[in-house]
Amino acid sequence: MRLGLLDIGSTAARLELVDLDRGRLPRASWSHKARTRLAEHTRADGSVTEEGMARAVRAVEDCMRAVGTELSGPLVAFGTAAVRDATNGAELRDRLSTAAGTRIGSMTPHAEAALCYHAARRWHGKYGTPLTTVDIGGGTAEVATGSGQIPEQVVSLPMGAARLTREYLPTDPPPAEQVEALHAAVERIARPALTPFTTVDLGQPVAQSKVLRQLAVLAASSDERLVRHPDHLARENLKRWIPRLAALGQAERAKLPGVSRSRARRILAGAVAADALLRAIGVDELDLCPWGLREGLVFRFVEVYEQAGRRARADAIRELTDEMFA
């Protein structure tokens, strides 16, 4: 069975086709991405502008045109925090659903964190040992820890890089008082919420999300040396970049090592959030995990697909979809 997976996020909509018969390491056999730029078109009150909705709809329509007749199996479509948390999200989901030809669902932050953890556990390959995941998305940041296939503790915080930028850094480049307010806010949010993580064995701490991967490249690099594929994110190296990021505008940040144009505006908030999260859980370094929410979803679908009888597989996929997505 070939599953279509449409992920609509703050930066882009991405449609992948995954062959569930490939088993343990399913990979996309086809992929297409179109920019949504929802983060750039979300107002301070959390509502998406008309232009933002129209752009997101066009991105989904572009993905559906591109896939054409290649999509022969079920299509699972969902929006991440940019869609889920929009104050006019019901209207946005309706318009996106029409564009996709199927219902656009969403998951709770805790459910997303559990799937990311599940992907990291499969990547790590060792069960029964402690594992901790840190994920900074557009709207929220999650920390999860445990020793099994599902996490034993999950904390979701309103510390996504796009949200923090929108709420605390409206000016580009931001003045000192905005940066100070951001530092104070993330400290106020992270430290008390993550206190339980300081009393347990975190085992191997890993980073998930594009923001953290881009920060890892930035932290490992210098003006003289570019490290394209670092294997970890060190807080000590990250700290030295934060004042520099704060002094630069979006265009200048986009020229820095590892920083993409689409995330240049929010990379400062992501760096400040990452520093606060690592300090709060008492970790100095994160290993980079290449798998995240999308891979966690695929693994769950593969597991259900393999457990179901051949005739019941389509029903099992539908039931899992209804269970996971509101």
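The structure under discussion appears in the preceding block.
Residues numbered from 1 in each chain as written. Predicted model: local features only at pLDDT ≥ 70, side-chain atom pairs only at ≥ 80, totals over all residues. Heavy atoms only, no water.

**Q** I'm lost on the side chain of Ser209 in this one. Help?
**A** Tracing the sequence through the fold places Ser209 in the loop between strand 8 (204-208) and helix 7 (210-220). Contacts of Ser209, omitting those with residues within four sequence positions, involve Asp135 and Ile136. (Helix = DSSP H or I, 4+ residues; strand = E, 2+ residues; numbered from the N terminus. Contact = heavy atoms within 4.5 Å.)

**Q** Can you help me understand unusual backbone geometry in this one?
**A** Glycine aside, residues mostly have negative phi angles, and peptide bonds mostly take the trans form. With an omega of -5 degrees, the peptide bond between Asp172 and Pro173 qualifies as cis. Tracing the backbone shows Pro173 in the loop between helix 5 (161-168) and helix 6 (176-193). Within the chain, Arg37 stands out as a residue other than glycine whose phi angle is a positive 55 degrees. If you trace the backbone, Arg37 turns up in the loop between strand 3 (28-35) and helix 1 (50-67). Arg37 gets classed as partly exposed once you look at its relative accessible area, which sits at 33%. With a phi close to 120 degrees, Ser209 is a non-glycine residue in the positive phi region. (Buried < 20%, exposed > 50% of the residue type's maximum accessible area, 1.4 Å probe, protein only.)

**Q** Can you help me understand the sheet that holds strand 7 (residues 153-157) in this one?
**A** Strand pairing within a sheet occurs via backbone hydrogen bonds; the two strands may be parallel or antiparallel. Across the sheet, which stays open at both edges, the 6 strands sit in the order 7-6-5-8-10-9 with mixed pairing between neighbours. This sheet does not close on itself; its edge strands, each paired only once, are strand 7 and strand 9 (232-234). Within this sheet the neighbouring strands show an average axis-to-axis angle of 25 degrees, counted without direction. When strand 8 meets strand 10 (residues 285-288), the two strands line up parallel, connected through 2 bridges. Bridge pairing in strand 10 places Val206 opposite Asp287. (Pairing = 2+ DSSP bridges. Axes fitted to C-alpha atoms, helices over the stretch in contact; angles between N-to-C directions.)

**Q** Would you take a moment to explain the pattern of salt bridges for this structure?
**A** Close approach of charged atoms allows side chains of opposite charge to pair. Counted by the stated rule, this structure contains 20 salt bridges. A salt bridge links Arg163 to Asp85, with the nearest nitrogen and oxygen atoms 3.3 Å apart. With a gap of 78 residues between them, Arg163 in helix 5 and Asp85 in the loop between helix 2 (81-84) and helix 3 (89-100) connect regions that are remote in the sequence. Under the relative-accessibility criterion, Arg163 is labelled buried at 16%. With a relative accessible area of 31%, Asp85 lands in the partly exposed category. For Glu187, the salt bridge goes to Arg279, with nearest N and O atoms at 3.0 Å. Of the two residues, Glu187 sits in helix 6 while Arg279 sits in helix 10 (residues 267-281), which places them 92 residues apart along the sequence. With relative accessibility at 26%, the residue Glu187 sits in the partly exposed group. When salt bridges that share partners are traced, they join Glu187, Arg191, Arg235, Asp275 and Arg279 into one network. (Salt bridge = Lys/Arg side-chain N within 4 Å of Asp/Glu carboxyl O.)

**Q** Help me understand the packing of helix 8 (residues 235-247) against helix 10 in this model?
**A** Describing two packed helices takes the angle between their axes plus the distance from one axis to the other. Axis separation between helix 8 and helix 10 bottoms out at 9 Å; the angle between their running directions is 145 degrees. For helix 8 against helix 10, the interelement crossing comes out left-handed. Note on element contacts: helix 10 touches helix 8 through Ile267, Leu268, Ala271, Val272, Ala274, Asp275, Leu278 and Arg279, opposite Arg235, Leu238, Lys239, Ile242, Leu245 and Ala246. Of the residues assigned to the contact of helix 8 with helix 10, the class counts are 10 nonpolar, no polar and 4 charged. (Left-handed = near helix turned anticlockwise from the far one by under 90°. Nonpolar A, V, L, I, M, F, W, Y, C, P; charged D, E, K, R; others polar.)

**Q** Is there a simple way to think about the environment of Ala234 in this case?
**A** Following the sequence through the fold, Ala234 ends up in strand 9. A relative accessible area of 11% means that Ala234 is categorised as buried. Distance in space between the C-alpha atoms of Ala234 and Asp275 is 9.6 Å, their sequence separation being 41 residues. Sequence-distant contacts of Ala234, defined by excluding residues within four places in its chain, comprise Ala219, Asp284 and Glu285.

**Q** Mind showing me how you'd approach the pairing of strand 1 (residues 2-8) here?
**A** Note on strand geometry: in a regular strand, side chains alternate between the two faces of the sheet. Most of strand 1 sits out of view: 6 of its 7 residues are buried. As paired strands, strand 1 and strand 2 (residues 12-19) are joined by 7 bridges and run antiparallel to one another. If you follow Asp7 over to strand 2, its bridge partner there is Arg14. Linkage of strand 1 to strand 2, two consecutive antiparallel strands, is achieved through a turn of 3 residues. The pairing of strand 1 with strand 4 (residues 75-79) spans 5 bridges and is classified as parallel. Note on strand 4: the bridge partner recorded for Gly4 is Leu75.

**Q** In this structure, what is going on with the sheet that holds strand 4? I would like to understand it.
**A** Read across the sheet, 4 strands follow the order 3-2-1-4 without closing on themselves; strand pairing throughout is mixed. In the strand order of this sheet, the two ends are held by strand 3 and strand 4, each with one partner. Averaged over all pairs of adjacent strands, the angle between their axes in this sheet comes to 15 degrees, without regard to strand direction. Set on the sheet, helix 11 (residues 293-307) makes contact with strand 1, strand 2 and strand 4; between it and strand 1 the angle comes to about 150 degrees.

**Q** Would you mind going over the environment of Ala308 with me for this structure?
**A** The topology assignment puts Ala308 in the loop between helix 11 and helix 12 (313-324). According to the relative accessible area criterion, Ala308 is buried, its value standing at 17%.

Everything listed here is a matter of geometry and, on its own, says nothing about what the molecule does.
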